[in-house]
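# Observations on the three-dimensional arrangement
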Amino acid sequence: MALPSTALRSEQENRERLLAGDIRALRRARGLTLAEIGLKLGRSVGWVSQVERGLSIPSLSDLRAFAELFGVPVSLFFSHDVPVENERGVVVRAGSRRTLGTSDSGLVEELLSPDLGGSFEMLRSVFAPGAELKTEARRPTEEAGYVASGSFDIEISGVWHRLGEGDSFRFDGKPFRWRNPGAEPAVVIWVVSPPVY
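Residues numbered from 1 in each chain as written. Predicted model: local features only at pLDDT ≥ 70, side-chain atom pairs only at ≥ 80, totals over all residues. Heavy atoms only, no water.

The subject of this paragraph is the packing of aromatic side chains. Using the criterion set out here, one finds eleven aromatic pairs in the structure. Between Phe-127 and Phe-152 the ring centres are 4.7 Å apart and the planes differ by 45°, which places this aromatic pair in the tilted class. Of the two residues, Phe-127 is situated in strand S3 (residues 121–127) and Phe-152 in strand S5 (residues 152–156); the sequence distance between them amounts to 25 residues. Considered together, Phe-127 and Phe-152 belong to a single accessibility category, that of buried residues. Centre to centre, the rings of Phe-169 and Trp-190 are 5.0 Å apart; their planes meet at 70°, and the pair counts as edge-to-face. Of this pair, Phe-169 sits in strand S7 (residues 168–172) while Trp-190 is found in strand S9 (residues 186–193), placing the two residues 21 residues apart along the sequence. Classification of Phe-169 by relative accessible area gives buried; the value is 9%. (Phe/Tyr/Trp six-rings, centres within 6.5 Å; stacked < 30°, edge-to-face > 60°. Helix = DSSP H or I, 4+ residues; strand = E, 2+ residues; numbered from the N terminus. Buried < 20%, exposed > 50% of the residue type's maximum accessible area, 1.4 Å probe, protein only.)

So, in structure tokens, the structure goes:
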């Protein structure tokens, strides 16, 4: 049964609103101004502002440019389907999570948060056996994690910590690296504030 045109239009408007909110949240999380984004994308400040307010819809090439600028996969901008209206922005069903990363990279993350507009994001991170972040990372964030299964090593400020199922960690703006020393995937529930994806 086809949806009435008003329902289709409403669904499209909702996707556009969610896309606008994600772009705004990513910009803010990186501490960038509208002017800086416009300069980096070769677009006007007005256009970037309209995109963030859902008044202009970026093209696919624009979305690729945003993804590259923010360091996220372009697929992040395409997975907003929520079949039940009263769950939108509140509930994320297991089969509807937005996936970030690929198995080729050794890290696949699923966004557990309904969107990027809140003060934090929650991710389900699956680290393949032997996967590691070789180069130290540092973000202006507070982060915490809970190891749901497997073995997981995390280095925070030069100190390695070996964690197992049920263990947790937290750090704030410190340099970190990680690795999965085990023979099985490690699953970590990771919380980041403010959102970086």
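Here the focus is the sheet that holds S5. What holds strands together in a sheet is hydrogen bonding between their backbones, with the strands either parallel or antiparallel. The strand order S6-S5-S8 describes an open sheet built from three strands, whose pairing is antiparallel. A single partner strand is all that each edge strand has here, and the edge strands are strand S6 (159–163) and strand S8 (176–179). Neighbour to neighbour, the strand axes of the sheet diverge by 20° on average, direction disregarded. Here five bridges tie S5 to S6, and the two strands are oriented antiparallel to one another. By the bridge assignment, Ile-154 is partnered in S6 with His-161. (Pairing = 2+ DSSP bridges. Axes fitted to C-alpha atoms, helices over the stretch in contact; angles between N-to-C directions.)

This part takes up unusual backbone geometry. Put simply, Ser-193 and Pro-194 share a cis peptide bond, and its omega is -5°. By the element assignment, Pro-194 lies in the segment after S9. Positive phi, normally seen in glycine, also occurs at Ser-157, with a value near 50°. Position of Ser-157 relative to the elements: it lies in the loop between S5 and S6.

Quick look at the packing of helix H2 (residues 34–41) against helix H4 (residues 60–70) now. Between H2 and H4, the shortest axis-to-axis distance is 11 Å and the interhelical angle comes to 115°. Taken as a pair, H2 and H4 cross one another with a handedness that is right-handed. From H2, Ile-37, Lys-40 and Leu-41 reach across to H4, where they touch Ala-65, Phe-66, Leu-69 and Phe-70. Within the contact of H2 with H4, the residues separate by chemical class into six nonpolar, no polar and one charged. (Left-handed = near helix turned anticlockwise from the far one by under 90°. Contact = heavy atoms within 4.5 Å. Nonpolar A, V, L, I, M, F, W, Y, C, P; charged D, E, K, R; others polar.)

Before going further, it helps to examine the nonpolar core. Phe-77, Phe-152 and Trp-190 are the most contacted members of the largest nonpolar core, which has 38 residues in total. Of the domains in this structure, domain 1 (5–80) and domain 2 (89–193) are the two that each give at least three residues to this core. (Core = buried A, V, L, I, M, F, W, Y, C linked by side-chain atoms within 4.5 Å. Domains from an automatic or database assignment.)

This paragraph deals with the packing of H2 against helix H3 (residues 45–52). At a minimum axis distance of 8 Å, the contact between H2 and H3 shows a crossing angle of 110°. The orientation of H2 relative to H3 falls into the category roughly perpendicular. H2 and H3 meet at a crossing whose hand is right-handed. Taking contact as the criterion, the partners of Leu-34, Ala-35, Ile-37, Gly-38 and Leu-41 in H2 are, on H3, Val-45, Trp-47, Val-48, Ser-49 and Glu-52. Broken down by class, the residue content of the contact of H2 with H3 amounts to seven nonpolar, two polar and one charged. (Parallel < 35°, antiparallel > 145°, perpendicular 65-115°, else oblique.)

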